[in-house]
Amino acid sequence: MTAAGDTQVLVVDDDFDIRDTLRELLEIEGFRVAIAANGREAIEQLRNGVSPRLILLDLMMPEMSGWEFRSEQLRDPALAEIPVVILSATPDVARTAAALHAAGFVRKPFDLDQLIEMVQERVPK
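Presented here is a report on the structure given in the accompanying data block. (Residues numbered from 1 in each chain as written. Predicted model: local features only at pLDDT ≥ 70, side-chain atom pairs only at ≥ 80, totals over all residues. Heavy atoms only, no water.)

So, the packing of helix α1 (residues 16-28) against helix α5 (residues 112-122)
Item 1. Packing of α1 against α5 leaves a shortest axis separation of 11 Å and a crossing angle of 60°. Put simply, α1 runs oblique to α5. Relative to α5, the crossing made by α1 is right-handed. Facing Leu22, Leu25 and Leu26 of α1, the residues of α5 in contact are Leu112, Leu115, Ile116 and Val119.
Item 2. The residue makeup of the contact of α1 with α5, split by class, is seven nonpolar, no polar and no charged. (Axes fitted to C-alpha atoms, helices over the stretch in contact; angles between N-to-C directions. Helix = DSSP H or I, 4+ residues; strand = E, 2+ residues; numbered from the N terminus. Parallel < 35°, antiparallel > 145°, perpendicular 65-115°, else oblique. Left-handed = near helix turned anticlockwise from the far one by under 90°. Contact = heavy atoms within 4.5 Å. Nonpolar A, V, L, I, M, F, W, Y, C, P; charged D, E, K, R; others polar.)

Structure below.
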């Protein structure tokens, strides 16, 4: 288990398989990873000391969507500066990512090498 202050990447996705696969792949690449099943869980983790250098955020989730999460995140000065990369199958993901002031986006189904490269660019080891 990753210590709260030690997290480099927070993966927020309601799909267990995607969450688990991303966690495993990122850990193999040497990143310290935390996971959340929805935006509400992610906000709670952030407010309880998880301090990632990057958030990988799905948009379509129950309880609190990626849009709602991002809105909440940007309203909190302690959390607003954490960069977010949107993970979505939404056809207009580029426009959505821009509207959410995201650091980038990866279209689902994603190319794992592209995703790892994006994380490596934004979270240098």
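That was the structure; now back to the text.
Examining a negative patch on the surface
Item 1. On the surface, a cluster of negative charge is made up of Glu29, Asp111, Asp113 and Glu117.
Item 2. Structurally, aspartate 111 can be placed in the loop between β5 (104-107) and α5. (Patch = residues over 30% accessible without salt bridge, like charges linked within 9 Å, V, L, I, M, F, W, Y side chains within 5 Å. Areas by Shrake-Rupley, 256 points an atom, 1.4 Å probe, with all protein chains shown as cover. Salt bridge = Lys/Arg side-chain N within 4 Å of Asp/Glu carboxyl O. Lys, Arg positive; Asp, Glu negative; His and termini not counted. Charge placed at Lys NZ, Arg CZ, Asp CG, Glu CD.)

A few points about the side chain of glutamine 45
Item 1. Within the element layout of this structure, glutamine 45 appears in helix α2 (residues 39-47).
Item 2. Setting aside anything within four residues of it in sequence, one finds glutamine 45 in contact with Leu10, Ala34, Ile35, Ala36 and Val50.

Considering unusual backbone geometry
Item 1. The omega torsion across lysine 108 and proline 109 is -5°, close enough to zero to call that bond cis.
Item 2. Structurally, the position occupied by proline 109 is in the loop between β5 and α5.
Item 3. Positioned with a positive phi, glutamate 63 is a non-glycine residue whose angle comes to about 70°.
Item 4. Of note, glutamate 63 is situated in the loop between β3 (54-58) and α3 (66-75).
Item 5. Residue classification places glutamate 63 among the exposed residues on the basis of a relative accessible area of 61%.
Item 6. Even without glycine at this site, histidine 101 takes up a positive phi of about 55°.
Item 7. Mapped onto the secondary structure, histidine 101 falls in the loop between α4 (93-99) and β5.
Item 8. Given the relative accessible area of 59%, histidine 101 is considered exposed. (Buried < 20%, exposed > 50% of the residue type's maximum accessible area, 1.4 Å probe, protein only.)

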